[in-house]
Amino acid sequence: MAPTSATIADWTARFLEARGPTRVFGLQGGHIQPIWDRLSTLGIPIVDVRHEGAAVHMATAHALLTGELGVALATSGPGVTNTVTSVANADLERAPILVIGGCPPARQDHMGPLQGTPHVDIMRPITRLARTLRTADQVLRELDHAVAMARGHGGLPGPVYIEVPADVLRARIADAAALPEYLADRPASRALPDPRDVERAAALLAGATHPLVISGAGARGARDALLALLDASGAAYLDTQESRGLVPARHPAYAGAMRAMAMADADLVLTVGRKLDYQLGYGSPAAFPRARFVRIAEFPGERDDNRPGEVAIAGAVGHALTMLAQSLRSPPDCAWRDGLHAKHVERARKYLASLDATPNGADGRMHPNRIFAALDRQLRGDAIGVADGGDILSFARLGLDASTYLDSGAFGCLGVGVPYANAAALAFPDRPVVAVCGDGAFGLHAMEIDTAARHGCRAVFVIANNAAWNIERVDQERHYDGRVYGTTLGDSDYAAMARAFDLHGERVRHADELDAALERAFAHAPALVDVAVTRDTLSSDLVKGLSIVPDYQPLTAWDDAERERFDVDDA
Ligand SMILES: Cc1ncc(C[n+]2csc(CCOP(=O)(O)OP(=O)(O)O)c2C)c(N)n1
Ligand SMILES: [Mg+2]
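Fair warning: this is a prediction, and the values are worked out from it, not measured in the lab.

Engineer: Give me the overall build of the protein: which residues, what numbers.
Structural biologist: In terms of regular secondary structure, the protein is built from 24 helices and 17 strands. In terms of overall size, the protein behaves like a compact globule, its C-alpha atoms giving a radius of gyration of 25 Å where 571 residues would be expected to give roughly 25 Å. The C-alpha extent of the protein, read off along each of the three principal axes, is 75 × 60 × 50 Å. Here the protein holds 571 residues, and 53% of them are scored as buried. The long-range fraction of contacts in the protein, counting pairs at least 24 apart against all pairs at least 6 apart in sequence, stands at 73%.

Engineer: Could you give an account of helix 20 (residues 470-479), naming the residues involved and the relevant values?
Structural biologist: Among all positions of helix 20, only Asn470, Ile471, Arg473, Val474 and Asp475 are buried. Of the surrounding secondary structure, the elements contacted by the buried residues of helix 20 are helix 16 (391-399) and helix 23 (540-543). After helix 20 finishes, the residue Asp481 shows a positive phi value of roughly 50°.

Engineer: Describe the site of ligand 1, with residues and values.
Structural biologist: Around ligand 1 sit 18 residues, and of these Gly389, Gly390, Gly438, Gly440 and Asn470 come closest. Partitioning the shell around ligand 1 into residue classes produces 7 nonpolar, 8 polar and 3 charged.

Engineer: Break down the pairing of strand 17 (residues 527-532) for me, citing the residues and quoting the values.
Structural biologist: Within strand 17, 6 of the 6 residues are buried, which leaves it mostly tucked inside the rest of the structure. Taking every second residue as pointing to the same face, both faces of strand 17 are buried, with Ala527, Val529 and Val531 on one and Leu528, Asp530 and Ala532 on the other. Pairing between strand 15 (residues 459-465) and strand 17: 6 bridges, direction parallel. Of the residues in strand 17, the one forming a bridge with Phe461 is Leu528. Direction of pairing for strand 16 (residues 504-508) relative to strand 17: parallel, over a ladder of 5 bridges. By the bridge assignment for strand 17, Gly505 is matched with Leu528. In this view, the connection linking strand 16 to its parallel neighbour strand 17 by way of helix 22 (residues 514-523) has right-handed handedness.

Engineer: Any details on unusual backbone geometry? Residues and values, ideally.
Structural biologist: That bond from Ala525 to Pro526 is cis: its omega, 5°, falls within 30 degrees of zero. Of note in this structure, His110 is not a glycine but carries a positive phi near 60°. With respect to the helices and strands, His110 occurs in the loop between strand 4 (97-103) and helix 6 (119-123). Looking at His110, the number of C-beta atoms within 10 Å reads 7, which means it is exposed. Not every positive phi belongs to a glycine, and Tyr282 is a case in point at roughly 55°. Its location among the elements puts Tyr282 in the loop between strand 9 (268-272) and strand 10 (292-297). Look at Tyr282 and you get buried, because 20 C-beta atoms sit within 10 Å.

Engineer: Can you lay out the packing of helix 1 (residues 8-19) against helix 2 (residues 33-42) for me, pointing to particular residues and giving the numbers?
Structural biologist: Between helix 1 and helix 2, whose axes approach to 8 Å, the crossing angle comes to 50°. Classified by the angle between their axes, helix 1 and helix 2 sit oblique to one another. Helix 1 and helix 2 meet at a crossing whose hand is right-handed. Each of Ala9, Asp10, Thr12, Ala13, Leu16 and Glu17 in helix 1 lies in contact with helix 2, whose residues at this interface are Pro34, Ile35, Arg38, Leu39 and Leu42. Considered class by class, the residues forming the contact of helix 1 with helix 2 number 7 nonpolar, 1 polar and 3 charged.

Criteria and thresholds
Residues numbered from 1 in each chain as written. Chains lettered and ligands numbered in written order. Predicted model: local features only at pLDDT ≥ 70, side-chain atom pairs only at ≥ 80, totals over all residues. Helix = DSSP H or I, 4+ residues; strand = E, 2+ residues; numbered from the N terminus. Rg over C-alpha atoms; globule rule 2.2 N^0.38 Å. Buried ≥ 20, exposed ≤ 12 C-beta atoms within 10 Å, placed from the backbone. Contact = placed C-beta atoms within 7 Å. Near = placed C-beta within 6 Å. Nonpolar A, V, L, I, M, F, W, Y, C, P; charged D, E, K, R; others polar. Pairing = 2+ DSSP bridges. Right-handed = clockwise from strand over helix to strand, strands pointing away. Axes fitted to C-alpha atoms, helices over the stretch in contact; angles between N-to-C directions. Parallel < 35°, antiparallel > 145°, perpendicular 65-115°, else oblique. Left-handed = near helix turned anticlockwise from the far one by under 90°.

See below:
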């Protein structure tokens, strides 16, 4: 077979063109330049960033928000190692992304090449697949397999890492080695649920008086079926950060503001594409004292972790929910859910109304809640909200009312705010995008405001500036006899920094300036509004014990209950 003129770099770019990501994210380097060059000649937009970690965060947000594969490129050595945190974050977010790394020429293997370090060994535990593609003829087959793995073939969706040595990128292969099947995008095959499992789940549901549905990432594609199940079952519903916005807060099943009560009183919990991780008390009776469990998920990792269900339904989530809804024969008993929802509406209304009235702190600076009150007046229904930080994340979770929402997530990954918002703004140029970041968290990828300016990402970055890593500072103050050390920052002017990068930038010192400043920011996005907020706060994450990291459970109330269950002597 005669080699053609196409190199492996050509084929890699053609592969990405065929698999259709609208854009890719990366930071250039010689080891990946052959692919970079071919992508640019094919007209696939490359969003060039200021830190490879930001490229991977952007790919993650792109994947989570659009359902497309997210793609990031990082050069060999420090380029790849700079992505480690972001890849680990994508792993916990279960985001289907493909990270393409640079790799020294195979002919220099083990000789001490430029930018050589064992990327694949570093990436393996935090990816679905991590491989060096050393054989030119195999690269397309391997890429196809990598994408399948990212999309959840044989496990959960998540990041994959592949690299092609520079000399292999320059190798040419015969056209015949590039089977069209390797390039063709194809839907993942979906297993159908076993009707017997569905019947058993339906029987449990029919016998429950306080059924509660909790959704997660694995429910994202199954909104209509989820709504149908809620209607047919009369179950109450809680979302989690992973699937926020899937069921609107006005739906009669929605009980978001009554989370603790819903979990305490539920007699049957149906998890839908949701891990029972720390955010749900690992499914322990400490967090769900009365509940039996049904687990519904396509992927084992969202079905049998920590507490297997008495019934588990494996298979396509949409099908499972539809079959379950159709198996319920009696009309739903909605008494419990209706009571919860009424309480939710009342509490949420009161909370939103209170935001604007939250008093200034002892230092005279405004409370962060004022930001969310002002955003509420500013944002349209289709806004995309991103939250990143400590205290501010805790306040945002309650106060940032956006139909689509991303945050630092289960990984608690400070630094996602600016790159996530940039990716959101590029993917949805007609929707308002706002990132509310702590001043600490902002600093981790602050240079990405430059990416926003250069690529016209029309996001608004709101910096809640309390001159501190505040949730940690307050923890030191309260739990370490006031020994505050290494947790304060300068009262820096991040708006001036933004203006230096050609963004619209304003500083806001008083709450009555917020509305006008935000209005100007949305009109001139990309824009940054630096808001002086008080350190004098007690966020719910702090009060509930997240920052003190209890032994058994993430929250002190659950930890206490667990100690009681295990009869642990506290003395
Ligand atoms: C990358 C990373 N480093 C450190 C932490 C620990 N941490 C969690 S919240 C927090 C403080 C965040 O400060 P800021 O973003 O300013 O928010 P604030 O609490 O002041 O509102 C820190 C240091 C983390 N979760 N992630
Ligand atoms: Mg701060």
